[in-house]
Amino acid sequence: MSKMESTFLVIVLFIGFYKAVNIGANDVANSMGTSVGSKTLTVAKAVILAAVLNFLGATLVGSNVTDTIRKGIIDPSAFTFEPTVFMYGAFAAMLGSAIFVSTSTYLKLPVSTTHAVVGGLIGFGLITAGYSCINIDKLIAVVLSWLISPLFGGILAFLLFTCVKRWILDSPTPFESTKKILPYIVFLIFMIISLSIFLKSPNLKFSLIYAVGISISIAFGSGVICYHLLKGYKPGEIDHYVPVERLFGYLQVLSACSVAFAHGANDVANAIGLVAAVFHVAQTGSVVMEVPVPTWLLAMGGIGLAIGICTFGYRVMETIGERITEITPTRGFSAEFSAATTVLICSKLGLPISTSHTIVGSVIGVGFARGINALNLGIIKNIVLSWIVTIPIAALLTIFIYQGIQFTL
């Protein structure tokens, strides 16, 4: 390997790390934004929790095999050209998508980092192989996720918070109603968390029946424990809404932690997938659909996610937790749990989904349950516009960077 190639690979590693930092900074709001907005967690506690859980998810159950071409958006037969071209194109896609996510984070806009990667790959494909290499069906599926993700999440959050409001908050005895209903809610939470870990984590290969059986056992045990803990509990406050919100705050944090862990496991590939692909090409001289990801690279991605969370994660967290609608623990729980449920169900049904879009839709859903005036429509408009421009801008940035590389060679 020449000195120039070695230098290029070091730069690729640096860009991959930079990309992981930006993904951590933007996507932390998926898991912790509502907990901060409801004042259940401080910003410091939220970023520490999210950083640790993202790192653990990335390193413990992050995929050790990654797709060279994420989401099948580019036709594999397009990569019959020189491996060097692939390496430079992948580098441009990494940097282009990272710059877009970095800019979005600065503007406090929650965007889909997966879609930014897809946009970078489209730009890469267009500049190297032309329009014919784009898988239009896959691209349509990604665009549909702009509608499916927030719509499903929003509807479920609206229905869930409406039920919580009717059966608990509007009850003559809200705390007593909470004691009766909470064990069932805990059952559902642990059911969804367990299924998400057993079915969605790339390195845990469980059959559906086995995963469901274990999840039901864990959920049932958790519900029973909750019932006995609440049985003799007496609130010290005269206002029974205070302990109700406090209890839901615990459930909200629990849901948020599961989303953070799952994010580290699933989205670390957005940061280091193309890095692994470039290293594989450099070592073998061939372009393949799937490449192995060494543990040290997963760890690097996990560290990058954690650093991004701890440094700039608060910016997008503020948008999710405070700027769309006012969040309380009951509303935050409804949004987080609905987002986690939506992502799990849609993933298993094969429907295109974006965690970022889903949590935004869920927050809008709980806000809408209180009326349209409870929503900040200006912020929502800006968020939706950022979703629409994600793919084209990431693609254009990639094309510009690739052209710059070609000009300097």
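Because the structure is a prediction, the values reported are computed rather than measured. (Residues numbered from 1 in each chain as written. Predicted model: local features only at pLDDT ≥ 70, side-chain atom pairs only at ≥ 80, totals over all residues. Heavy atoms only, no water.)

1. With respect to unusual backbone geometry
Both trends apply: most residues other than glycine have a negative phi, and most peptide bonds are in trans. Even without a glycine there, the phi angle at Lys 39 is positive, about 70 degrees. Its identity is not glycine, yet Lys 108 carries a phi of approximately 65 degrees, on the positive side. Structurally, Lys 108 can be placed in the loop between α3 (83–106) and α4 (113–129). (Helix = DSSP H or I, 4+ residues; strand = E, 2+ residues; numbered from the N terminus.)

2. Details of helix α7 (residues 208–231)
Here α7 contains 24 residues, and its C-alpha end-to-end distance of 34 Å stays within 8% of the 34 Å for a straight helix at 1.5 Å per residue. Within α7, the full set of buried residues consists of Ala 211, Ser 215, Ala 219, Ser 222, Gly 223, Cys 226 and Leu 230. (Expected span 1.5 Å × (residues − 1). Buried < 20%, exposed > 50% of the residue type's maximum accessible area, 1.4 Å probe, protein only.)

3. What about the packing of α3 against α4?
Interaxial distance between α3 and α4 falls to 8 Å at its minimum, and their mutual angle equals 140 degrees. In this view, α3 runs oblique relative to α4, as classed from their interaxial angle. Of the two elements, α3 crosses α4, and the hand of that crossing is right-handed. Residues Val 85, Phe 86, Gly 89, Ala 90, Ala 93, Ser 97, Phe 100 and Val 101 of α3 lie in contact with α4, whose contacting residues are Thr 113, Ala 116, Val 117, Gly 120, Leu 121, Phe 124 and Thr 128. (Axes fitted to C-alpha atoms, helices over the stretch in contact; angles between N-to-C directions. Parallel < 35°, antiparallel > 145°, perpendicular 65-115°, else oblique. Left-handed = near helix turned anticlockwise from the far one by under 90°. Contact = heavy atoms within 4.5 Å.)

4. Some remarks on the packing of aromatic side chains
Each aromatic ring pair is specified by the distance between its two centres and by the angle formed by the two planes. Summed over the entire model, instances satisfying the criterion amount to seven aromatic pairs. Ring plane angle 85 degrees and centroid distance 5.2 Å describe the contact between Phe 8 and Tyr 88, whose orientation is recorded as edge-to-face. A residue pair is termed long-range when its members are at least 10 positions apart, and Phe 8 in helix α1 (residues 3–37) and Tyr 88 in helix α3 qualify at 80 residues. Exposure remark for Tyr 88: the relative accessible area of 16% places this residue in the buried category. Taken together through their ring pairs, the aromatic side chains of Phe 8, Tyr 88 and Phe 91 make up a single cluster. (Phe/Tyr/Trp six-rings, centres within 6.5 Å; stacked < 30°, edge-to-face > 60°.)

5. Topic: the pattern of salt bridges
Counted according to the given criterion, the structure contains three salt bridges. Close ionic contact of Asp 170 with Lys 165 constitutes a salt bridge, the shortest N to O distance being 3.1 Å. Judged by its relative accessible area of 33%, Lys 165 falls in the partly exposed class. A salt bridge links Glu 326 to Arg 370; the shortest N-O distance between them is 3.9 Å. With Glu 326 in the loop between α9 (295–323) and α10 (329–348) and Arg 370 in the loop between α11 (355–368) and α12 (377–408), this residue pair connects regions lying 44 residues apart in the sequence. (Salt bridge = Lys/Arg side-chain N within 4 Å of Asp/Glu carboxyl O.)

6. As for the environment of Thr 390
Within the element layout of this structure, Thr 390 appears in helix α12. For Thr 390, a relative accessible area of 2% translates into the label buried. When the C-alpha positions of Thr 390 and Val 117 are compared, they lie 9.3 Å apart, and in sequence the two are 273 residues distant. Once residues within four sequence positions are removed from consideration, Thr 390 is found in contact with Phe 100, Val 111, Ser 112, His 115 and Ala 116. For Thr 390, the side chain forms a polar contact with the main-chain oxygen of Ser 386, separated by 2.6 Å. (Polar contact = N/O pair within 3.5 Å; in protein donor to acceptor, adjacent residues only side chain to side chain.)

7. Points about the environment of Leu 159
Here Leu 159 is to be found in helix α5 (residues 136–169). Look at Leu 159 and you get partly exposed, because its relative accessible area is 46%. Distance from Leu 159 to Ser 334, taken between C-alpha atoms, is 8.9 Å for residues 175 residues apart in sequence.

8. Comments concerning the packing of α5 against α12
Orientation of α5 relative to α12, taken along the N-to-C sense of each, is 165 degrees, at an axis distance of 11 Å. Comparing the axis directions of α5 and α12 gives the class roughly antiparallel. Taken as a pair, α5 and α12 cross one another with a handedness that is right-handed. In this structure, α5 contributes Leu 139, Val 142, Trp 146 and Pro 150 to the contact, and α12 contributes Trp 387, Ile 388 and Ile 391.

9. Re a nonpolar patch on the surface
A cluster of nonpolar side chains, contributed by Leu 147, Leu 151, Phe 152, Ile 155, Phe 158, Leu 159, Phe 368, Ile 372 and Leu 377, occupies part of the molecular surface with about 830 Å² of accessible area. With six residues, α5 is the largest single contributor of residues to the nonpolar patch. (Patch = residues over 30% accessible without salt bridge, like charges linked within 9 Å, V, L, I, M, F, W, Y side chains within 5 Å. Areas by Shrake-Rupley, 256 points an atom, 1.4 Å probe, with all protein chains shown as cover.)

10. Details of the nonpolar core
With 46 residues, the main nonpolar core has Phe 8, Val 12 and Leu 121 as its most contacted residues. Looking at this core, the elements with two or more residues in it are α1, α3, α4, α5, α8 (241–284), α9 and α12. If we skip the residues at most four places from it in the chain, Val 12 touches Phe 91, Met 94, Val 275, Val 278 and Phe 279. (Core = buried A, V, L, I, M, F, W, Y, C linked by side-chain atoms within 4.5 Å.)

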